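Examining the three-dimensional arrangement
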Amino acid sequence: IAVRTSTNAGVTWGARKDVTTLASGGTAEAAKDPVIALDSSNNLYVAYYSYEYNSSKYNIALRTSTNAGVTWGERKDVTASTTRESLNPAIALDSSSNLYVAYYSKELNATYYNIAVRTSTNAGVTWGARKDLTTSTVSDAYNPALAISTTTNKIYITWHSKEYDATTNNIAVRSASIAAYFSKGRNSKKVEVVYTLANHVRKPQKAKPGLALVEKE
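Notes on the structure in this doc start here. Because the structure is predicted, anything quoted here is derived from the model rather than measured.

1. Section: the sheet that holds strand β8 (residues 99–105)
Sheet strands line up and pair through hydrogen bonds in the backbone, either parallel or antiparallel. With respect to topology, four strands assemble into an open sheet ordered β7-β8-β9-β10, the strand pairing being antiparallel. A single partner strand is all that each edge strand has here, and the edge strands are β7 (86–93) and β10 (131–132).

2. Observations concerning the pairing of strand β5 (residues 59–65)
Of all seven residues making up β5, seven are buried, and the element is well covered by its neighbours. Where strand β4 (residues 44–50) meets β5, seven bridges bridge the pair, whose relative direction is antiparallel. Bridge pairing in β5 links Ala47 to Leu62.

3. Notes on the nonpolar core
Core analysis: the largest hydrophobic core is formed by 33 residues, its most contacted members being Leu62, Ile91, Leu99, Val101, Leu146 and Ile157. At the level of secondary structure, the elements contributing two or more residues to this core comprise β4, β5, β7, β8, β9 (114–120), β11 (141–148) and β12 (155–161). In terms of residue count, the dominant contributor to this core is β8 (six residues). With nine residues, the next largest nonpolar core counts Val3, Ala31, Leu44 and Trp72 among its residues.

4. As for the environment of Thr119
By the element assignment, Thr119 lies in strand β9. Judged by relative accessible area, which is 16%, Thr119 ranks as buried. At 2.9 Å, the side chain of Thr119 forms a polar contact with the backbone oxygen of Leu99.

5. Here's the deal with the packing of aromatic side chains
How two aromatic rings sit relative to each other is set out by the distance from centre to centre and by the angle between their planes. All told, the structure shown has five aromatic pairs when counted by the stated rule. Both rings, one in Tyr104 and one in Tyr113, keep their centres 5.0 Å apart while their planes meet at 85 degrees; by these two values the pair is edge-to-face. Tyr113 carries the same exposure label as Tyr104, and that label is buried. Relative to Tyr142, the ring of Tyr113 has its centre 5.8 Å away and its plane inclined at 50 degrees; by these criteria the two rings are tilted. Of the two residues, Tyr113 is situated in the loop between β8 and β9 and Tyr142 in strand β11; the sequence distance between them amounts to 29 residues. Overall, the relative accessible area of 23% leaves Tyr142 in the partly exposed class. Here the aromatic residues Tyr49, Tyr51 and Tyr58 are joined through ring pairs into a cluster of three or more. When the ring centre of Tyr113 is taken as origin, the NZ or CZ atom of Lys106, which lies over that ring, is 4.7 Å away.

Basis of the calculations
- Along every chain, residues carry numbers that run from 1 in the direction the sequence is written.
- Under the rules for a predicted model, residues below a pLDDT of 70 receive no local features and side-chain atom pairs below 80 are neither given nor counted, while totals for whole chains, interfaces and linings still include all residues.
- Only hydrogens and water are removed before side-chain values are computed, so all heavy atoms of the structure are retained for them.
- A pair of strands counts as paired when DSSP detects no fewer than two bridges linking them.
- Numbering of helices and strands starts at the N terminus; helices are DSSP runs of H or I of at least 4 residues and strands are runs of E of at least 2.
- Relative accessibility decides the category of a residue: with a 1.4 Å probe and only protein chains considered, values under 20% of the type maximum give buried, values over 50% give exposed, and everything between is partly exposed.
- Definition of nonpolar core: a set of buried residues of the types Ala, Val, Leu, Ile, Met, Phe, Trp, Tyr and Cys, connected through side-chain atoms within 4.5 Å.
- Two N or O atoms count as a polar contact when they lie within 3.5 Å, although within protein this holds only if one can serve as hydrogen donor and the other as acceptor, and sequence-adjacent residues are included solely when both atoms are side-chain atoms.
- Each Phe, Tyr or Trp ring, with Trp reduced to its six-membered ring, pairs with another whose centre is within 6.5 Å; inter-plane angles below 30 degrees give stacked pairs, above 60 give edge-to-face pairs, and intermediate values give tilted ones.
- Any Lys NZ or Arg CZ that is within 6 Å of a ring centre and within 35 degrees of that ring's normal is treated as a charge sitting over the ring.

Taken by themselves, the reported measurements are silent on function.
Below, the structure written as structure tokens:
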């Protein structure tokens, strides 16, 4: 995994900075599908999946840079399984710089992939318990996308799955549950959550990580 930085709106790019430096010639070399986020203090977070924790099962990992990507800290394991793989993370931060990573995995069910979320309140040093968005035992769910409003801390998660029909109402209900669970109103009797179809959620140009605009609620 590598990062390059531009200070002139993408016209030119700086030298490659290596996030991972895995040796070739073995299963441990595989680090794939990175996603990146930036907090209010300009700390960089890169999540990805790799064989670093276990040489036969993919796990989700996170590395952090506090100097614009020049150097990167040691790996922090978001998942740490020796028997069930986790893939394709999505990452976002709320207004308090709490980290959220969504991914699909077989942690819940050894046969089918389900969508899960984990959160960190200390810049990725430690991660909370898995929160399952899907709990299917008959079909897979893949490729979550994650966005958080920096003004309301509302969380939006979408994915594609063979479990649900074209109305996506089931996805919206489960997304509402996870949004309420991780919000500041977690212990309230009632928490306001908005939902919409995935194609009505967009990120404004030059917006901060996690900021999303929702239309046709």
